[in-house]
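Spelled out from the first residue to the last, the chains are:
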Amino acid sequence: MSSSQPFIPSSPISPSAGHLRKSKYTFKHLSQLALSSPACPLRVIAHIDLDAFYAQCEGVRLGIAEDQPLAVQQWQGLIAINYPARKFGLSRFIDISEAKKLCPSIILQHVATWREGDAKWAYHEDAFAHIATHKVSLDPYRLESRRILSTIKDVLPAAPVQRVEKASVDEVFLDLSAQIHSILLERYPEISGPAPYDDPTESLPRPPTTALDWNTDALVDLDNHETEDDDPDWDDIAMLVGSEIVSSVRAAIRERLKYTCSAGIARNKMIAKLGSAHKKPNQQTIVRNRAVQQFMGGFKFTKIRNLGGKLGEDVVAKFGTEEVKELLDVSLPQLKSKLGDDTGSWVYEIIRGEDSSEVNSRTQIKSMLSAKSFRPTINSSDQAVKWLRIFVADIFSRLVEEGVLEHKRRPKTINLHHRQGGQMRSRQAPIPSGRALDENVLFEIAKNLLGQIIVDGRAWPCANLQLSVGGFEEGPTGNRGIGGFLVRGEEAKAMKRESEAHASEHGELRAEKRPKNEHGAIQRFLSRQETSHGDSDEDISSIPTHPDIRSVPPDVSRDGQQPKCDDGPPQPASSDTFTCSVCQTILPLMQREEHEDWHFAKSIVAAEKGDPSHQAWTAHGARPKTTTATRRLGASNVNGGHSQKKVAKGQSRLAFG
DNA sequence: GTGGATGAG
DNA sequence: CGCTCATCCAC
């Protein structure tokens, strides 16, 4: 027969025969569509991306003409450039003076900022001149993002059909499958009935169309004639319906809020995202299933989500190409052997346009952060504490927007990150539940965390501080736990008592309890400052103190000096004595708290004075016999507890700093 | 649960 | 680039 020769008919299938053939898809696939199943071959995902979002926000807010070049300024840099300005060659990595040269007519709008002591962020005329005293606020954009999101939710059908995932401040993913399913049933009653013989594996009839009107801004075209000339199947119809929905969403955003956006419509999140970037601004791109291979083949795989960083670099290094097309020649076993089974499989699938990740209905944030880079660096806890106040004001105001006051949502943890040289460190603490959350509570915890970081290692000069809250709980907070009725400080003491009681069963302080106890000492110390706050200025110590972090003299030493450190081998602690992990002195257990607090206070004072010989006492001091305790509390950035690699990295950076 | 790293925009 | 947000993983 003709099968021995590659005979290709010039006119393969007549239009009238088209709908007599069967679809590639079955009734089963159709019902999967209703459930937004990630395995459904008919599913349709959209990615919507606001065009130059921050710039649009400012343009709309200020009522600036849409063709006017405009960029959003942050200090001396640009963080968003609208499309008219891009025509002048402006990019994100140039500064404002270069921008003005390239485009003299540009409007540069500085982002809103928080000023110390202010109750709210504001747009300040000369904000760029106050980098040392202001911090950037992106709140205006978060608020607009929220309005856009609610517009999207408003025009789409209600849950559970509606699936909207907030991917970033200016991006969302939509799973349109379930909505498309119901539209298909309305428009094409012939597929709405039960499957023939009630067999879900029965193929669907072909769609009754031979030419679709792809009335969209951009459709990924096909080179491949054998697929291009095929009649449309249900996946094409589904995409087209999806595109209609996306058009209506974009129109609503445009009409109600004046923002333009671009969108991609495809069978999964990965391709939809590539699609939305394909043509911008204010356009949408459909990537039909039959166009996927060709569409993907033209990309560098480093453009694919999750391959833009170290992983992508690694793949390039190992396979000597950054083209999707060339990586397609690498077999699955090859990928697995060089990248590991999981990553290898993932890469294998993703470059073939397969991505079964779900659109998670999630529009609320999971954490919030307030941060500042210091140029120049800051050098005292005094300065740092001032920034903490601003961070707390910023975060708390955002928490109020999240409905903390109405007990809608509430964060469980708070975290302080700190950067010194190349070293990034952070400490976190639970946010006590059971009582109302206010700015002061957060501020006190933040100060405690700062104290921990200072005492824990080299803190100055500090190049960056970030305060964040996370672990949000929904709904009104439940009844307080056992510790709920204890005041702060007392609670820590109770924990310590419990801990020591447990340890004493074994006749010694157990190693794994040490970290908790040391942190406890720090917190007790700082809690005391809290209680003695606001009173008088009386000096309670011979050690120079900071108003926020005061020191307490140890009982054992009237002259303010601890017993001198001893280089000899540490002696075993008995049940009524302890060995100080810093100076290795054996002291009565009763004095342990005070003694540790004294070390802590001293280290902070020393750090304040920039005295390197007193910095990081936990790091350079004696090494407790334990491993976990050492790593947990202090040895993390010296050659004491971590891997060779990390030590070398940290030290080389320090050497340059 | 904690702290560091990575990735995206 | 600076400021966010999210996820993963070793501990």
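Residues numbered from 1 in each chain as written. Chains lettered and ligands numbered in written order. Predicted model: local features only at pLDDT ≥ 70, side-chain atom pairs only at ≥ 80, totals over all residues. Heavy atoms only, no water.

### A few points about the protein's contact with DNA strand B
Part 1 of the argument: As a matter of local geometry, DNA strand B sits amid 16 residues, with Lys273, Gly308, Lys310, Ser426 and Gln428 nearest to it.
Part 2 of the argument: Taking all atoms of DNA strand B within 4 Å of the protein, the share assigned to sugar and phosphate is 97%.
Part 3 of the argument: Between DNA strand B and the protein, one listed contact pairs a phosphate oxygen with a backbone N or O atom of Leu311 at 2.8 Å.
Part 4 of the argument: When residues of the surface near DNA strand B are traced back to their parent elements, those giving at least two are α12 (310–319) and β17 (423–430).
Part 5 of the argument: With five residues, the single largest contributor to the surface near DNA strand B is β17.
Part 6 of the argument: Looking at the surface near DNA strand B, its residues break down into three nonpolar, five polar and eight charged. (Near = heavy atom within 4 Å. Polar contact = N/O pair within 3.5 Å; in protein donor to acceptor, adjacent residues only side chain to side chain. Helix = DSSP H or I, 4+ residues; strand = E, 2+ residues; numbered from the N terminus. Nonpolar A, V, L, I, M, F, W, Y, C, P; charged D, E, K, R; others polar.)

### A word on the protein's contact with DNA strand C
Part 1 of the argument: Phe93, Lys135, Lys366, Arg375 and Arg398 are the nearest of the 21 residues found near DNA strand C.
Part 2 of the argument: For DNA strand C, the backbone portion of the atoms within 4 Å of the protein, that is sugar and phosphate, comes to 77%.
Part 3 of the argument: Residue Lys135 places a side-chain N or O atom 2.6 Å away from a phosphate oxygen belonging to DNA strand C.
Part 4 of the argument: At 2.5 Å, a side-chain N or O of Arg375 approaches a phosphate oxygen of DNA strand C.
Part 5 of the argument: Every element with two or more residues in the surface near DNA strand C is listed here: β7 (134–136) and β14 (367–378).
Part 6 of the argument: Here the surface near DNA strand C takes eight residues from β14, the largest share from any one element.
Part 7 of the argument: Partitioned by chemical class, the residues of the surface near DNA strand C number nine nonpolar, four polar and eight charged.

### Describing the pattern of salt bridges
Part 1 of the argument: All chains considered together, the criterion is met by 22 salt bridges.
Part 2 of the argument: We note a salt bridge from Asp314 to Lys318, for which the minimum N-O separation is 3.1 Å. Note that Asp314 and Lys318 are positioned in helix α12 at a spacing of four residues, about one turn of the helix.
Part 3 of the argument: By relative accessible area, Asp314 is classed as partly exposed at 28%.
Part 4 of the argument: As a salt-bridge pair, Asp394 and Arg398 come within 3.4 Å of each other at their nearest N and O atoms. Of this pair, Asp394 and Arg398 both sit in helix α16 (residues 381–401), four residues apart, which is roughly one turn of the helix. By the burial criterion, Asp394 is buried, and Arg398 matches it.
Part 5 of the argument: Three or more residues joined by partner-sharing salt bridges are found here, namely Asp49, Asp51 and Lys280. (Salt bridge = Lys/Arg side-chain N within 4 Å of Asp/Glu carboxyl O. Buried < 20%, exposed > 50% of the residue type's maximum accessible area, 1.4 Å probe, protein only.)

### Thoughts on the nonpolar core
Part 1 of the argument: Residues Val72, Ile152, Leu174, Leu176, Ile180, Leu184 and Trp234 are the most contacted members of the largest nonpolar core, which totals 57 residues.
Part 2 of the argument: In this view, Val72 contacts Tyr54, Ala55, Glu58, Gly77, Leu78, Ile79, Ala80, Gln109, Val111 and Tyr141; residues no more than four positions away in its chain are not counted.
Part 3 of the argument: Counting 38 residues, the second-largest nonpolar core is a separate cluster that includes Trp114, Ala384, Phe391 and Ala393. (Core = buried A, V, L, I, M, F, W, Y, C linked by side-chain atoms within 4.5 Å. Contact = heavy atoms within 4.5 Å.)

### Description of helix α3 (residues 53–62)
Part 1 of the argument: For α3, the tally of buried residues reaches seven of 10 residues, placing the bulk of the element in the interior.
Part 2 of the argument: Elements that come into contact with the buried residues of α3 comprise β2 (45–50), β3 (70–74), β4 (77–81), β5 (107–110) and α6 (139–155).
Part 3 of the argument: Just past α3, the residue Gly63 takes up positive phi, approximately 65°.

### Here we look at the environment of Glu358
Part 1 of the argument: Of note, Glu358 is situated in the loop between α15 (341–350) and β14.
Part 2 of the argument: In the structure, Glu358 is positioned 185 residues away from Phe173 in sequence and 9.7 Å away in space, judged by C-alpha atoms.
Part 3 of the argument: Those residues in contact with Glu358, other than ones at most four positions away along the chain, are Pro38, Arg163, Glu165 and Lys269.

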